[in-house]
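Fold and contact review
The lines below spell out each chain.
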Amino acid sequence: MTGPYDDRLAAAHDRYAAKRPRSRELFERARTVMPGGSTRSVLDFPPFPFRVASAAGSRITDVDGHEYVDFLGDYSAGLLGHDPGPVESAVKAALDRGWSYGGVHTDEIRFAEAVVERFPSIDQVRFTNSGTEANLMALQLARHHTGRDRIVVMDVAYHGGLLYFGHGGEALLAPFDFTRMTFNDVDGVATTIDDTVAAVLVEPMMGAAGCIEATPPFLTALRRRCDEVGALLIFDEVMTSRMSAGGAQARSGVHPDLTTLGKYLAGGMTFGAFGGRADVMAAFDPERGGTMTHGGTFNNNVVTMAAGAAAMSELLDGATLDALFARGVSLRERIGEVAAASELPVCASGMGSLMTIHTVDGPVTSPNDLAGTDPVLKELIFHELLDRGIYLAARGYVALSTAITDDHCDRFVDALQDSLDAVTT
Ligand code: PMP
């Protein structure tokens, strides 16, 4: 069955492909050696993704010579834009001192100190190579600490390549004893979480599921219930730690037992971390009776440690993160106005500098509100925006970087207006 936008989307694909012969050629080449033509599935979109030639500041240029303003910000990992000077200098200086030490060094202490200082709920931290790994470690740590197996997660949440609770994620799901509940369902908290639960894993704002912010009563209810039944509350702040110097938890005032981090915090280098209460983290400290070991060849690699220490001490201060938050709120409001004035079912949700444009009538306060999403219209709007030099995720996701200015935001709003007009005329 074809819907109202199928023909327009097919035409948009043709236009896109005609302008990008080199990207197409490289896509065919990539496909022969990497299934699907990439090694990070989320970067793929029909008819084929443009291939990046270079990036600088707020701009990305593809191999066919098209330039885009980068509103995707590497799915939030690129918070500092494409050439953050102090991070680059720190990485170069670190490499001048050699790499692959196979030994402990000082930058990892500096980076860990910066993390611990910033998040009051994190007494101690350990580094990993990705957010996925950080979440897997936190879950095992919670199981070990409580002696229980059951993990409560939110339906359709994304916590990493092996921790995707959307439909279709089952094949790669790590084999834990998971129970799903609905995000922001306050009544479900008491009925789902009992004294067989080791941990509740939740994002203060569901990111990949559509930038849906947790309500204060939901977070408070989770905190209270975890205390009642002796379960650990884990906040996945891989995306949301950008919401303030102390993360989304500082904004809500609800503090978890463990926090996982990732993405931008190491200045754009390969990164993940998990940390929290000293008594829980003691599991990794033989002197405090800890019996867990935590391996990882690259956990303290010199590039990430130097980049993280520099990013946190020189760039990611509270004022910068608060300004980014405010710019995001303003952009989302303006997107909301354009959407509301359109006859199309379009709205935006999010928190601070992270947001998603949806193809449903809003408001979106739970994943259930996205049931009526029109995926064809969503992809069509994405292509219309690309055509106007705006890069965002095909799923409508936007993550602002510090390289994005008010002028760029004006350009985004104008491009969205034009795109919606083009779709309706
Ligand atoms: N948690 C959240 C909330 C994420 O958004 C992501 C990445 N999109 C992850 C975990 C996984 O992080 P990584 O891609 O570094 O494994």
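In what follows, the accompanying structure is described. (Residues numbered from 1 in each chain as written. Predicted model: local features only at pLDDT ≥ 70, side-chain atom pairs only at ≥ 80, totals over all residues. Heavy atoms only, no water.)

**What to know about the packing of helix α4 (residues 107–118) against helix α10 (residues 302–315)**
This is how it is decided: Lines fitted to C-alpha atoms define the axes, with helix axes restricted to the stretch in contact, and inter-axis angles between N-to-C directions lie between 0 and 180 degrees. Secondary structure elements are taken from DSSP: a helix is a run of H or I of four residues or more, a strand is a run of E of two residues or more, and numbering for both begins at the N terminus. Should an angle fall under 35 degrees it is called roughly parallel, over 145 degrees roughly antiparallel, and 65 to 115 degrees roughly perpendicular, with every other angle called oblique. Helix crossings get a hand from a simple test, with the near helix turned counterclockwise from the far one by less than a right angle marking a left-handed crossing and a clockwise turn marking a right-handed one. Working rule for contacts: check all heavy atoms of both residues, and any pair within 4.5 Å makes them a contact. Under the scheme applied, nonpolar residues are Ala, Val, Leu, Ile, Met, Phe, Trp, Tyr, Cys and Pro; charged residues are Asp, Glu, Lys and Arg; polar residues are all the others, including Gly.
At a closest axis distance of 8 Å, the pairing of α4 and α10 adopts a crossing angle of 40 degrees. Considering their axes alone, α4 and α10 lie oblique with respect to each other. The two elements α4 and α10 meet at a crossing, and its hand is left-handed. For the pair α4 and α10, contact is made by D107, E108, R110, F111, A114, V115 and R118 and by T304, M305, A306, G308, A309 and M312, respectively. Among the residues forming the contact of α4 with α10, the class breakdown is seven nonpolar, two polar and four charged.

**A few points about the packing of aromatic side chains**
To keep things clear, this is the line we draw: Any two of the Phe, Tyr and Trp rings considered here, Trp counted by its six-membered ring, make a pair once their centres fall within 6.5 Å; the pair's planes then place it as stacked at under 30 degrees, edge-to-face at over 60, or tilted in between. Buried means the residue's accessible area, taken with a 1.4 Å probe over protein chains only, is under 20% of the maximum for its type, while exposed means over 50%, and partly exposed covers the values in between. Only lysine NZ and arginine CZ atoms are considered, and such an atom sits over a ring when it is within 6 Å of the ring centre and within 35 degrees of the ring normal.
If you walk through the whole model with that rule in mind, you get 18 aromatic pairs. Ring centres of F111 and F127 lie 4.7 Å apart, and the angle between their planes is 15 degrees; on these two criteria the pair is classed as stacked. Of this pair, F111 sits in helix α4 while F127 sits in strand β4 (residues 124–128), and the two are 16 residues apart along the sequence. There is no split in this pair, since F111 and F127 are both buried. The lysine or arginine in question, R242, covers the ring of Y264, its NZ or CZ lying 6.0 Å from the ring centre. Just above the ring of F325 sits the side chain of R251; from NZ or CZ to the centre is 3.5 Å.

**Thoughts on the nonpolar core**
As a reminder, the rule being used: In this description, a nonpolar core means a group of buried Ala, Val, Leu, Ile, Met, Phe, Trp, Tyr and Cys residues linked to one another through side-chain atoms lying within 4.5 Å.
F71, F111, L316, L331, Y397 and F412 are the most contacted members of the largest nonpolar core, which totals 79 residues. The contacts of Y397, once residues within four sequence positions are left out, are L72, Y75, S76, C211, M239, L354, M355, T356 and L392. Counting residues in hydrophobic clusters, the runner-up holds 53 residues, among them L141, F218, V254 and V280.

**A short note on the side chain of S419**
Put simply, the rule is: Contacts described as polar in this section are N or O atom pairs within 3.5 Å, which, within protein, must combine one atom able to donate a hydrogen with one able to accept it, while residues neighboring in sequence count only if both atoms come from side chains.
Assignment of secondary structure puts S419 in helix α13 (residues 406–424). Given a relative accessible area of 0%, S419 falls into the buried group. A polar contact is formed between the side chain of S419 and the backbone oxygen of A415, at a distance of 2.7 Å.

**Re the sheet that holds strand β7 (residues 197–202)**
In plain terms, the rule: Paired strands are those between which DSSP finds at least two bridges.
Reading across the sheet, the seven strands line up as β4-β12-β11-β10-β7-β5-β6 and stay open at both edges, with mixed pairing between neighbours. Strands at the two margins of the open sheet, each flanked by one partner only, are β4 and β6 (177–181). Ignoring strand direction, the axes of neighbouring strands in this sheet form an average angle of 20 degrees. Strand direction decides the pairing type here: strand β5 (residues 150–154) and β7, joined by three bridges, are parallel. Opposite I151, over in β7, you have A199 as the bridge partner. Against the sheet, helix α7 (residues 216–229) contacts β5, β6, β7 and β10 (232–236), and its axis sits at roughly 145 degrees relative to β10.

**Quick look at the site of the ligand**
Selection criterion: Residues are classed as near a molecule or strand on a simple rule: at least one heavy atom within 4 Å of it. Per-residue and other accessible areas were derived by the Shrake-Rupley procedure at a 1.4 Å probe size, with only the shown protein chains allowed to occlude residues.
Surveying the vicinity of the ligand reveals the residues S130, G131, T132, N135, Y158, H159, G160, E203, D236, V238, M239 and K263. Side-chain polar atom of K263 to a nitrogen atom of the ligand: 2.8 Å apart, as the coordinates give it. Across the complex, the protein chains shield 83% of the 390 Å² of accessible surface that the ligand would expose by itself. Considering each element in turn, the shell around the ligand owes the most residues, three residues, to helix α5 (residues 131–146). Partitioned by chemical class, the residues of the shell around the ligand number three nonpolar, six polar and three charged.

**Brief notes about the sheet that holds strand β15 (residues 390–391)**
Across the sheet, four strands lie side by side as β1-β2-β3-β15; this open sheet has mixed pairing. Each edge of the open sheet is held by one strand with a lone partner, namely β1 (52–56) and β15. Summarising the sheet, strand β2 (residues 59–62) and strand β3 (residues 67–70) pair through three bridges and their orientation is antiparallel. Looking at the pairing, I60 lines up with Y68 of β3.

**Concerning the pairing of strand β13 (residues 347–351)**
For β13, a buried count of four out of five residues is recorded, marking the element as mostly surrounded by other parts of the structure. One ladder, built from five bridges, connects β13 with strand β14 (residues 354–358); its direction is antiparallel. The partner of M351 across the bridge, within β14, is L354. In textbook terms, the turn of a hairpin is the stretch between consecutive antiparallel strands, and for β13 and β14 this stretch comprises two residues, one of which, G352, has a positive phi near 50 degrees.

**What to know about the pairing of β2**
Only one face of β2 is covered, namely the face carrying I60 and D62; the face carrying R59 and T61 is uncovered. Strand direction decides the pairing type here: β1 and β2, joined by four bridges, are antiparallel. Paired with A55 across the two strands is I60, which belongs to β2. Hairpin connection from β1 to β2: two residues lie between these consecutive antiparallel strands, with G57 at a positive phi of about 55 degrees.

**Comments concerning helix α3 (residues 85–96)**
Heads up, the rule is: Here the expected span of a helix is defined as 1.5 Å times the quantity of residues minus one.
The terminal C-alpha atoms of α3 lie 17 Å apart, and with twelve residues this matches the ideal 16 Å at 1.5 Å per residue to within 8%. Looking at the buried side of α3, the elements it contacts are α10. Just downstream of α3 lies G98, where phi reads positive at about 100 degrees.

Honestly, that's just the spatial picture; any functional story needs more than this.
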